Structure formats: C-alpha cells, structure tokens
Amino acid sequence: MEIFEAVREIICDQLEIEDMDTITMKTSIMNDLEADSLDAVEVMMDIEDEFDIEIPDEDAENFTNIEDIVKYIEEKIA
C-alpha cells in the first residue's frame, strides 16, 4: 500500500472521516480537519505502529500537512 494511502486511512479512522477524498497531501490535520492535540498524538501513534517507526515529538511538531508526514516516513523506511 502506498504510504499516502495508508496515512490517509489512519487519519480517516482516527478522526472518523467518511470521505477519504477530502484528505490530500496539502491537508493539515490540525487546521483543515480540526483535530485537537490528542487526536494528533493518536494519529502519530497509529502511524508509528503501521510503519514500525518512532516519531519523536520534536519531529511531529514540525509537520504542517500530510505531505510532511509522508516524506518523513519515506525517509525513515528507506
């Protein structure tokens, strides 16, 4: 499964979003999807589990959109 698709699925499950097409690479979890900090932490935990990586809080704080998350995962699993 493509990284973006997996991340998008995790976000949809965690935030209970029914239309996955509303999430693009430029979507911001906090601003566009109105997630709170707890939602964001849970999304990061699910992503860590899915890709078997660890995302330090300092790194996660720098994510502004889905594209940042996808690029980060690509670098970690390369």
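If you're wondering where the values come from, they're calculated on a predicted model, not measured in any experiment.

Participant: I'd like to hear about unusual backbone geometry, residue by residue, with values.
Facilitator: With a phi close to 55°, glutamate 16 is a non-glycine residue in the positive phi region. Along the chain, glutamate 16 turns up in the loop between α1 (3-15) and α2 (37-51). Residue classification places glutamate 16 among the exposed positions, given a relative accessible area of 70%. Phi at aspartate 52 is positive, roughly 55°, even though this residue is not glycine. Looking at the secondary structure, you find aspartate 52 in the loop between α2 and α3 (57-60). Accessibility expressed as a relative area gives 71% for aspartate 52, which makes it exposed.

Participant: Give a detailed account of the UniProt feature "modified residue: O-(pantetheine 4'-phosphoryl)serine" (unreviewed entry) in the protein chain, specifying residues and quantitative values.
Facilitator: Here, UniProt's "modified residue: O-(pantetheine 4'-phosphoryl)serine" (unreviewed entry) annotation points to Ser37. Considering the arrangement of structural elements, one finds serine 37 in helix α2.

Participant: Quick one: what's the story with the packing of α2 against helix α4 (residues 66-77), residue by residue and with numbers?
Facilitator: Where α2 meets α4, the axes come as close as 12 Å, and the angle between the chain directions of the two elements is 30°. One element, α2, and the other, α4, form an angle in the roughly parallel class. Of the two possible hands of crossing, α2 and α4 adopt the one that is right-handed. Together, Met44, Ile47 and Phe51 of α2 and Ile69, Ile73 and Ile77 of α4 make up the contact between the two elements. Residues belonging to the contact of α2 with α4 are distributed by class as follows: six nonpolar, no polar and no charged.

Procedures and definitions
Residues numbered from 1 in each chain as written. Predicted model: local features only at pLDDT ≥ 70, side-chain atom pairs only at ≥ 80, totals over all residues. Heavy atoms only, no water. Helix = DSSP H or I, 4+ residues; strand = E, 2+ residues; numbered from the N terminus. Buried < 20%, exposed > 50% of the residue type's maximum accessible area, 1.4 Å probe, protein only. UniProt positions renumbered as here; feature names shortened; annotations may be inferred. Axes fitted to C-alpha atoms, helices over the stretch in contact; angles between N-to-C directions. Parallel < 35°, antiparallel > 145°, perpendicular 65-115°, else oblique. Left-handed = near helix turned anticlockwise from the far one by under 90°. Contact = heavy atoms within 4.5 Å. Nonpolar A, V, L, I, M, F, W, Y, C, P; charged D, E, K, R; others polar.

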